[in-house]
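# What the coordinates show
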Amino acid sequence: MKRSFALRSPKENLSFLLHYRTLWVCFILLALNAIMILFSAGNGSSHISAPDVLRTLFGYGSDVQETIIYKLRLPRIVTAVLVGASLAVSGAILQAIIRNPLASPEMVGITGGATLGAVSFFFFFAETVTIHLLPVASIAGAFIVTGFIYMFAWKKGVSPLRLVIIGIGVTTALSAITYMLLISGPMVLALKSLTFMTGSIYGVSWDKDVLTLLPWVVVLFPVVFIQARNINVQELGDDVAAGIGSHVQLQRLLLLIYSVSLAGAAVAIAGAVTFIGLMSPHIARKLVGPGYGGVLPVSALVGSLIMLSSDLVARTAFTPLDIPAGVFTAAVGAPFFIYLLIRQR
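Now for a look at the structure at hand. (Residues numbered from 1 in each chain as written. Predicted model: local features only at pLDDT ≥ 70, side-chain atom pairs only at ≥ 80, totals over all residues. Heavy atoms only, no water.)

## Observations regarding unusual backbone geometry
- Non-glycine residue Phe275 carries a positive phi angle of around 75°.
- With respect to the element layout, Phe275 can be found in the loop between helix 11 (248-270) and helix 12 (276-288).
- On the accessibility criterion, Phe275 (17% relative accessible area) is buried. (Helix = DSSP H or I, 4+ residues; strand = E, 2+ residues; numbered from the N terminus. Buried < 20%, exposed > 50% of the residue type's maximum accessible area, 1.4 Å probe, protein only.)

Structure, rendered in structure tokens:
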């Protein structure tokens, strides 16, 4: 019985090996995401039954239901899907190019750079520049910090070990600078910054948030999935990868740019949501094996499911309080991180 099949472009310059198991896992995860979306759209301060949610989505709901679902809940749900998927794929890329199962956007300074960019925006430009430029500041912070890390890690190329060690050091320094800004500024801005640093998608909208993050996902996801073969090669080690004809340093730089772009865009919208980029690739590898042709799409679906679940619990478990979703991803991710530390000795 065949366990896989190949897809090739008409000119055969691109090819993909797809496993039937990966397709089944993706189908199941898509179904779970759809169920979670339906459940999340119907639950909150006012309950809407699943049939009414479906009728509203197809244009047959009442005016009140359309307002609640389309203007309040659906932007938050779509944002959660995009943020979770982006962080998960970013983490999967980092774990491959660094060859460290504990790698994630927050470990190598990407999340710290994006957070510092956002907090700096709050403290220096919030009263003079439109808030719509906050994502620009966050993404710029992620790229600038990652550029410094890459430059400091360069020594006849960038080794994964130097990259992660310097990333941890820079992350610690960024945290110190960020907290220094918090304690030296007004209380109102400090509260905004703390919410951002925890990670929350409260109050997101279609135009300001969803449409800001969506282009990054639409453009970068296909590019990253096409690069699955090069990501697999990165895990073989520099000598083996170079021996089979891979441009190791160039591919590592491009993959790092893709990872920073996805994580920076997600953090710009949702704040410093942690551990999704760490957990999702591990769960994906347990489900479909080590090949990144399967790990990348499954990681995206797992990440969106984690973020959807965390945000649903965050806004319904302690009504009328709306707890940042990052609290719950951290509550699940911290024990998972400890488990990985013990397993990896």
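## A closer look at the packing of helix 2 (residues 50-57) against helix 3 (residues 63-98)
- Relative to each other, helix 2 and helix 3 sit at 85°, their axes nearing to 10 Å. The angle between the axes of helix 2 and helix 3 places the two elements in the roughly perpendicular class. On helix 3, the residues touching Asp52, Val53, Thr56 and Leu57 of helix 2 are Gln65, Glu66, Ile69, Tyr70 and Leu74.
- Residues belonging to the contact of helix 2 with helix 3 are distributed by class as follows: five nonpolar, two polar and two charged. (Axes fitted to C-alpha atoms, helices over the stretch in contact; angles between N-to-C directions. Parallel < 35°, antiparallel > 145°, perpendicular 65-115°, else oblique. Contact = heavy atoms within 4.5 Å. Nonpolar A, V, L, I, M, F, W, Y, C, P; charged D, E, K, R; others polar.)

## Quick word on the pattern of salt bridges
- Throughout the structure, instances matching the rule amount to five salt bridges.
- Between Arg55 and Asp52 there is a salt bridge whose closest N-O contact spans 2.2 Å. Here Asp52 and Arg55 lie together in helix 2, a separation of three residues that amounts to about one turn.
- Between Asp311 and Arg76 there is a salt bridge, with its nearest N and O atoms 3.0 Å apart. (Salt bridge = Lys/Arg side-chain N within 4 Å of Asp/Glu carboxyl O.)

## Let's talk about the nonpolar core
- With 99 residues, the main nonpolar core has Ile93 and Leu296 as its most contacted residues.
- For this core, the element with the most residues is helix 3, which contributes 17 residues.
- Not counting residues up to four positions away in its chain, the partners in contact with Leu296 are Val89, Ala92, Ile93, Val224, Phe225, Ala228 and Ile231. (Core = buried A, V, L, I, M, F, W, Y, C linked by side-chain atoms within 4.5 Å.)

## A few points about the environment of Pro281
- Residue placement: Pro281 occurs in helix 12.
- Along the chain, Pro281 and Ala88 lie 193 residues apart, while their C-alpha atoms are 6.6 Å from each other.
- Non-local contacts of Pro281, meaning those with residues more than four positions away in its chain, are made with Ala88, Gly91, Ala92, Gln95, Ile276, Val295 and Ser299.

## Here's the deal with helix 2
- Among the residues of helix 2, Asp52, Val53 and Thr56 are the ones counted as buried. For helix 2, the buried positions fall inside an angular range of 105° around the axis, keeping them on one side.
- Each element contacted by the buried residues of helix 2 is listed here: helix 1 (20-42) and helix 3.
- Two residues or fewer past helix 2, Gly59 is found with a positive phi of approximately 90°. (Arc of directions from axis to C-beta.)

## Side note on the packing of aromatic side chains
- On inspection of all chains with the given rule, the structure shows four aromatic pairs.
- When the centroid spacing of 6.2 Å and the interplanar angle of 85° are considered together, the rings of Trp24 and Phe27 count as edge-to-face. Of this pair, Trp24 and Phe27 both sit in helix 1, three residues apart, which is roughly one turn of the helix.
- Assessed through its relative accessible area of 58%, Trp24 is described here as exposed. (Phe/Tyr/Trp six-rings, centres within 6.5 Å; stacked < 30°, edge-to-face > 60°.)

## Re the side chain of Thr56
- Position of Thr56 relative to the elements: it lies in helix 2.
- When its relative accessible area of 0% is taken as the criterion, Thr56 is described as buried.
- Among the polar contacts listed, one links the side chain of Thr56 to the backbone oxygen of Asp52, at a separation of 2.7 Å.
- Not counting the four nearest positions on each side in its chain, Thr56 is found in contact with Gly61, Gln65, Glu66, Ile69 and Tyr70. (Polar contact = N/O pair within 3.5 Å; in protein donor to acceptor, adjacent residues only side chain to side chain.)

Take it as geometry only, folks, not as evidence of what the structure does.
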